[in-house]
Amino acid sequence: MSPNSQSLYIQRPSGTGKRHYQFLMTFLCLVLSSCDTNSVVIFAPNDEEGYNSDDSFLSWRMSQKDTLASSFLWGYLLLQVPAGLFVRKIGPKRLIFGAMMASSLCAILYPLVALNLGWVVFCLIRFMHGLAQGLVIPCVTEHIAKWAPFLERNRIFSFVFVGTVVGPILSLLISGYQAASPWGWPSIFYCTGLCGVLWSVAWLFVGADSPDSHPSISDSEREYIKSNLKNTHDYSKILPTPWKEIITSRPMWALLLMHICQNWGSWILGTMLPIYFHHVFAYNMNNHVVVSTLPYIIKCLLTIAFSCIVDFTHENNLMSIKASRRVWNSIAYWGGAIGLIGLSVFTSVQGSLVLLIFTVSINAGMFAGFLSNHLDLAPNFSGLLMGITSGFSTFASILAPTITGFIITSESRKDQWAHLFFISAVTFFFGNFVFLKYGSTEVQSWNQPLKYGVDNEGLEFDDISVPARRTI
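Summarised in this report is the structure supplied together with it. Bear in mind that the values here come from a model prediction, so they are computed numbers and not experimental data.

Conventions and cut-offs
Residues numbered from 1 in each chain as written. Predicted model: local features only at pLDDT ≥ 70, side-chain atom pairs only at ≥ 80, totals over all residues. Heavy atoms only, no water. 1 Å grid on protein atoms, 1.4 Å probe; cavity = no way out; pocket = protein on both sides within 12 Å on 5 of 7 lines; lining within 4 Å. Points joined across faces, edges and corners; volume = space filled by probe spheres on them. Helix = DSSP H or I, 4+ residues; strand = E, 2+ residues; numbered from the N terminus. Nonpolar A, V, L, I, M, F, W, Y, C, P; charged D, E, K, R; others polar. Axes fitted to C-alpha atoms, helices over the stretch in contact; angles between N-to-C directions. Parallel < 35°, antiparallel > 145°, perpendicular 65-115°, else oblique. Left-handed = near helix turned anticlockwise from the far one by under 90°. Core = buried A, V, L, I, M, F, W, Y, C linked by side-chain atoms within 4.5 Å. Buried < 20%, exposed > 50% of the residue type's maximum accessible area, 1.4 Å probe, protein only. Contact = heavy atoms within 4.5 Å. Salt bridge = Lys/Arg side-chain N within 4 Å of Asp/Glu carboxyl O.

### Section: empty space enclosed by the protein
Here comes step 1: Taken as a whole and judged by the stated rule, the model has four cavities of 30 Å³ or more.
Here comes step 2: Its boundaries defined by the atoms lining it, the largest cavity holds a volume of some 60 Å³.
Here comes step 3: Taken together, eleven residues make up the lining of the largest cavity; nearest its centre are Phe150, Arg153, Asn154, Ile321 and Arg325.
Here comes step 4: Looking at the lining of the largest cavity, the elements that each hand over two or more residues are helix H8 (153-161), helix H14 (289-315), helix H15 (321-345) and helix H18 (373-377).
Here comes step 5: In terms of residue class, the lining of the largest cavity is made up of four nonpolar, three polar and four charged.

### Quick notes on the packing of helix H13 (residues 250-280) against helix H19 (residues 382-407)
Here comes step 1: For the pair H13 and H19, interaxial distance at closest approach is 8 Å and the crossing angle is 40°. When the axes of H13 and H19 are compared, the pair comes out oblique. In the crossing of H13 with H19, the sense of the turn from one axis to the other is right-handed.
Here comes step 2: When its residues are assigned to classes, the contact of H13 with H19 shows 16 nonpolar, eight polar and no charged.

### Points about the nonpolar core
Here comes step 1: In this structure, Val140, Ile144 and Phe161 are the most contacted members of the largest nonpolar core, which totals 92 residues.
Here comes step 2: When residues in this core are grouped by element, the largest group, twelve residues, is from H13.
Here comes step 3: Beyond its immediate sequence surroundings of up to four residues, isoleucine 144 is in contact with Ile156, Phe157, Val160, Phe161 and Leu375.
Here comes step 4: By size, the runner-up hydrophobic cluster in this structure holds 13 residues, among which are Cys106, Ala114, Phe122 and Trp185.

### Focus on the packing of H15 against helix H20 (residues 414-438)
The geometry of a pair of packed helices is captured by two quantities: the angle between their axes and the separation between those axes.
Here comes step 1: At a minimum axis distance of 8 Å, the contact between H15 and H20 shows a crossing angle of 165°. As judged from the angle between their axes, H15 and H20 are roughly antiparallel. Judged by the twist between their axes, the crossing of H15 over H20 is left-handed.
Here comes step 2: For the contact of H15 with H20, the residue count by class is 15 nonpolar, six polar and three charged.

### Notes on the side chain of serine 71
Here comes step 1: Relative to the assigned elements, serine 71 resides in helix H3 (residues 62-78).
Here comes step 2: When residues no more than four places from it in sequence are discounted, the contact partners of serine 71 are Cys123, Arg126 and Phe127.

### A closer look at the pattern of salt bridges
Here comes step 1: Applying the stated rule across the entire model yields nine salt bridges.
Here comes step 2: The shortest N-O distance in the salt bridge between arginine 19 and glutamate 221 comes to 3.0 Å. Separated by 202 residues along the polypeptide, arginine 19 in helix H2 (residues 18-38) and glutamate 221 in helix H11 (residues 219-227) bring together distant segments of the chain. In this pair, the class of arginine 19 matches that of glutamate 221, namely buried.
Here comes step 3: In this structure, the salt-bridge partner of arginine 222 is aspartate 212, at a minimum N-O distance of 3.8 Å. On the criterion of sequence distance, the pair formed by arginine 222 in helix H11 and aspartate 212 in the loop between helix H10 (186-206) and H11 is long-range, its members being ten residues apart.
Here comes step 4: Here arginine 222 falls in the buried class, since its relative accessible area comes to 14%.
Here comes step 5: A cluster of three or more residues bridged by salt bridges with shared partners is formed by Asp212, Asp219, Arg222 and Lys226.

Right under this line is the structure:
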């Protein structure tokens, strides 16, 4: 960082600030949100499976279970783009509160509906749960854009979004004990639902749309945050949505394709690999909680480490943001492609487990890669961009079971699994190739439309190490 730039930089206030509580709350929001999603079991376990349950077994057909699984995803994708629009107009605080409260109430209702009202009503609750969850990611992204100082943004974004990984880990570690408790499997949903309700109440008192709307933030911290909010402005709520520019933006299409590839790969790694180990190696990962959670624990640690490296290298002019996005995204997806190809070749369970851990954990690079890129392209519309890519990429998760059904006709045949892993590796490779070729860290001209007298066409994040000082 040059001396001249240093003089423009407002000193970071010491100690813990109000912004840190905002990020902690949004982190917990994503933890609970992903717990709600991953705690949903399609049927209640019976006593033969080692769980303590006096409730009748929910003998739903496989077709009904598939419908229940997809009903959440259809709800999830519907409101993502509208959420990206509304959050810019009314702010993230109220939308996040409503989404989490509705999501938590759905979780509490699951056991009651499943045991008393049947799978059709359960399917409706799943759909409503998906609608509520679809609001969360765009709103949290918009919240980060309003609160995260530029030089802290990568580690803040990664810390908050790693909650989507921590939630499933907690579900895997705790749900088995809850199901085996005297309260049975319904306690899983009652616990996560109650925690969500408590979080929602706390959010009403702690959460704030922006530093300006926070009632007790210090002047020094407010000035520090606002002076370091690069290309994000208070008047963003009145900006017209530049639909034509977004739709015709090559970096945006590269971002969308990358998100689709990520969702496909995430579904393969999270859903299909346990089936692969069970049928090909007779290794039940559900009986080995440490092995099941270890890849995701490592992924959490690497996520924080990678994001800190990005901020450190950028703050000290060791690597540009553009180079960082490319490097970490390549590590996540070309490294993941190598791991998937290895899975198609290895014939031992030990070697395959090592490759599983490698492939899942190295995916941590996505947070410092394409996922943070939503904030690079258009900070004023970051929630909308995330809503678009997250929403449309959900189609990959919806279609994945059907596509894999054509590839895997016999779950015990390793050659068919090799084809699936190779296709997934090509998907990872191609997605990152397009991101490297057409992706950008340049602030798009439509981030601040010309009609408001602001022209930032051609402005790169790397052109200005730190933003100019502003008075409040």
